[in-house]
Amino acid sequence: MTPEEYFKKNPGKSIADYYVFKGKNPDNKSDENSGSGKNQFKAEANYDRNYNIEKNNKTAFSSDFIQKQTFISTIGIVCFFLPWLSVNFLGVEGSFSAYDMAKEELNILWLIPIGFLMNISLIILNKPEFFFLRAVSFLIPIGYFFFKFSEVYNAISKVDSTGAGRRILDSIFDLSFGFYITIVMIGAIYFIREEKVRH
């Protein structure tokens, strides 16, 4: 079977798949006389050339880009253990990290460090087609975090139309630096220009 016939019957297959079908290694081909004819040999030679071009044109992320993304993701992971929420009630001050809240009711916050680890892994493994997973891992917990806050505010508003309860709540709770740095690191992941090199 010629390459044209194979690809016509098997759309979407690669050049390497054709040679597996033929029981040949594209990097270690036999000579011309071992083929079924000169025309087929020439056709296979053309596909060999295209295969090598395709193979040699593969790219990977540069080491500099990997280092930057690893640094950013590491800071993001560290921020998971820093204060996200500060509390000041009757002169008593305290704080809660994302780790503290994840251990209690907001388990979904565990997706944030997972997202940073995923970012490092996908870049090192050169899998940009799965980058959407890290976005999901960041957006869902951050969105849910704000949703829970809005639930509390809405509940207070239903029983206090004056707005005094919300003002009191604002004076007690405030977002802290750990949260803000995390948001900056998530943004930095997407703003750093991708750098690729020949693999």
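Residues numbered from 1 in each chain as written. Predicted model: local features only at pLDDT ≥ 70, side-chain atom pairs only at ≥ 80, totals over all residues. Heavy atoms only, no water.

**Describing the overall build of the protein**
Then, number 1: Regarding its fold elements, the protein presents nine helices and five strands.
Then, number 2: Reading the secondary structure of the protein in the N-to-C direction produces α-α-α-β-α-β-β-α-α-α-α-β-α-β.
Then, number 3: For the protein, the proportion of contacts with a sequence separation of at least 24, taken over those separated by at least 6, is 65%.
Then, number 4: Summed over its atoms, the accessible surface of the protein is roughly 12500 Å², and 60% of this surface lies on carbon and sulfur atoms. (Helix = DSSP H or I, 4+ residues; strand = E, 2+ residues; numbered from the N terminus. Contact = heavy atoms within 4.5 Å. Areas by Shrake-Rupley, 256 points an atom, 1.4 Å probe, with all protein chains shown as cover.)

**Regarding the side chain of Arg134**
Then, number 1: Secondary-structure assignment places Arg134 in helix 7 (residues 131-159).
Then, number 2: Among residues more than four places away in sequence, those in contact with Arg134 are Gly115, Met118, Asn119, Ile123, Ile189 and Tyr190.

**A few points about helix 9 (residues 177-191)**
Then, number 1: The terminal C-alpha atoms of helix 9 lie 21 Å apart, and with 15 residues this matches the ideal 21 Å at 1.5 Å per residue to within 8%.
Then, number 2: Within the sequence span of helix 9, burial applies to Gly178, Phe179, Thr182, Met185, Ile186, Ala188 and Ile189. (Expected span 1.5 Å × (residues − 1). Buried < 20%, exposed > 50% of the residue type's maximum accessible area, 1.4 Å probe, protein only.)

**Thoughts on the environment of Lys127**
Then, number 1: In this fold, Lys127 is placed in the loop between helix 6 (111-124) and helix 7.
Then, number 2: Since its relative accessible area comes to 34%, Lys127 is described here as partly exposed.
Then, number 3: Lys127 sits 67 residues away from Ala60 along the chain, and the two C-alpha atoms are 9.1 Å apart.

**Comments concerning a nonpolar patch on the surface**
Then, number 1: Taken together, the side chains of Phe130, Phe132, Leu133, Val136 and Ile140 present a nonpolar region at the surface, about 430 Å² in accessible area.
Then, number 2: Among the secondary structure elements, Val136 is positioned in helix 7. (Patch = residues over 30% accessible without salt bridge, like charges linked within 9 Å, V, L, I, M, F, W, Y side chains within 5 Å. Salt bridge = Lys/Arg side-chain N within 4 Å of Asp/Glu carboxyl O.)

**Brief notes about the nonpolar core**
Then, number 1: Ranked by size, the top nonpolar core spans 19 residues in total, and within it Trp84, Met101, Leu109, Ile112, Phe116 and Phe145 carry the most contacts.
Then, number 2: When contributions to this core are tallied by element, the ones reaching two or more residues are strand 2 (83-89), helix 5 (98-103), helix 6, helix 7 and helix 9.
Then, number 3: A per-element tally of this core places helix 9 first, with five residues.
Then, number 4: When residues no more than four places from it in sequence are discounted, the contact partners of Phe116 are Ser73, Gly76, Ile77, Phe138, Thr182, Met185, Ile186 and Ile189.
Then, number 5: Counting five residues, the second-largest nonpolar core is a separate cluster that includes Phe65, Leu122, Ile123 and Phe131. (Core = buried A, V, L, I, M, F, W, Y, C linked by side-chain atoms within 4.5 Å.)

**What about the packing of helix 4 (residues 63-79) against helix 6?**
A packed helix pair is summarised by two numbers, namely the angle formed by the two axes and the spacing between the axes.
Then, number 1: Close contact between helix 4 and helix 6 brings their axes to 9 Å; oriented N to C, the two are set at 170°. In terms of their interaxial angle, helix 4 and helix 6 are classed as roughly antiparallel. Together, Phe65, Ile66, Gln69, Thr70, Ser73, Gly76 and Ile77 of helix 4 and Pro113, Phe116, Leu117, Asn119, Ile120, Ile123 and Ile124 of helix 6 make up the contact between the two elements.
Then, number 2: Each residue belonging to the contact of helix 4 with helix 6 can be placed in one class, and the counts come to nine nonpolar, five polar and no charged. (Axes fitted to C-alpha atoms, helices over the stretch in contact; angles between N-to-C directions. Parallel < 35°, antiparallel > 145°, perpendicular 65-115°, else oblique. Nonpolar A, V, L, I, M, F, W, Y, C, P; charged D, E, K, R; others polar.)

**Remarks on the environment of Ile189**
Then, number 1: Structurally, Ile189 is set in helix 9.
Then, number 2: Take Ile189: its relative accessible area is 2%, and that puts it in the buried class.
Then, number 3: Sequence separation between Ile189 and Asn119 is 70 residues, and the spatial gap between their C-alpha atoms is 8.3 Å.
Then, number 4: Leaving out residues up to four positions away in the same chain, Ile189 has contacts with Gln69, Ile72, Ser73, Phe116, Asn119, Arg134 and Phe138.

**Section: the pattern of salt bridges**
Then, number 1: Inspection of every chain in the model, using the stated rule, returns one salt bridge.
Then, number 2: As a salt-bridge pair, Lys68 and Asp64 come within 3.2 Å of each other at their nearest N and O atoms. In this pair, Lys68 and Asp64 both sit in helix 4, four residues apart, roughly one turn of the helix.
Then, number 3: Residue Asp64 is classed as partly exposed on the basis of its relative accessible area, which comes to 34%.

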